[in-house]
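Coordinate inspection notes
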Amino acid sequence: MEATPHLRETVGCLCLAARRAARAITASFDRGLRAHGLRSTQFTLLAVLALKGEQTIGALATIIGADRTTMTRNVALAARRGLVTVARDEADARSRRVAITPGGRSTLEEAFVTWRTVQHTLTEAMGTAAADGLRRIAKDRLAARSGA
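Computed from a predicted model, the values in this text were never measured in an experiment.

Cut-offs used in this document
Residues numbered from 1 in each chain as written. Predicted model: local features only at pLDDT ≥ 70, side-chain atom pairs only at ≥ 80, totals over all residues. Heavy atoms only, no water. Helix = DSSP H or I, 4+ residues; strand = E, 2+ residues; numbered from the N terminus. Salt bridge = Lys/Arg side-chain N within 4 Å of Asp/Glu carboxyl O. Buried < 20%, exposed > 50% of the residue type's maximum accessible area, 1.4 Å probe, protein only. Pairing = 2+ DSSP bridges. Contact = heavy atoms within 4.5 Å. Axes fitted to C-alpha atoms, helices over the stretch in contact; angles between N-to-C directions. Arc of directions from axis to C-beta.

Counting through the fold element by element, Ala21 comes out in helix H1 (residues 14-33). Between the alpha carbons of Ala21 and Lys52 there is a distance of 28 Å; along the sequence they are 31 residues apart.

Attention now goes to the pattern of salt bridges. One pass over the structure, following the stated rule, counts 5 salt bridges. Asp30 serves as the salt-bridge partner of Arg39, at 3.2 Å between the closest nitrogen and oxygen. One salt bridge connects Asp132 with Arg135, and the closest N-O pair in it is separated by 2.9 Å. Taken together, the residues Asp132 and Arg135, both in helix H6 (residues 128-146) and 3 residues apart, mark about one turn of the helix. Owing to a relative accessible area of 37%, Asp132 belongs among the partly exposed residues under this scheme. In this structure, a network of salt bridges that share partners links the residues Glu54, Asp89 and Arg97.

As a further point, take the sheet that holds strand E3 (residues 96-100). Sheet strands pair via backbone hydrogen bonds, and the direction of the pair is either parallel or antiparallel. Pairing is antiparallel in the open sheet, where 3 strands are placed in the order E1-E3-E2. Looking along the sheet, the strands with just one partner apiece sit at the ends: strand E1 (55-56) and strand E2 (84-88). Relative to E3, E2 runs antiparallel, the two being bridged by 5 bridges. Counterpart to Ala87 in the pairing with E3 is Arg97. Here helix H2 (residues 40-52) sits on the sheet in contact with E1, E2 and E3, set at roughly 90° to E3.

Listing the buried residues of helix H3 (residues 57-64) in full gives Ile57, Gly58, Leu60 and Ala61. One side of H3 carries all its buried residues, which in axial view fall inside an arc of 160°. Directly beyond the C-terminal end of H3, a positive phi value near 85° is found at Gly65.

What follows is the structure in structure tokens.
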């Protein structure tokens, strides 16, 4: 079956390219961080908690750009490994507050050098302009999602 000529444009679809790139980028970080017993999602969780302090699961989901169900699962995995603690929120018994543990902070610090190397390698591979474009799109999405 011959494709309609104008449909050939879809070969350069940004959505498909972004999905493929996201998987490749995530795999690169996961490979590097594996030596520290982390996945990229856990590294990001620890980094957010180290930078922003204790957060509710809902706030973490918003900051990271994940849904609450995914964030709840990621927090539970990190808690089982002793990287974070989870406690009932004093202000709202339905919420849980997450904090990084000393062991989580230590793991984050050890993994940071590897993260930085992967970050630099990927930025060089895609170019600074493309990396900045990715960050801009992500920042705009976060702002729209949080109502800012």
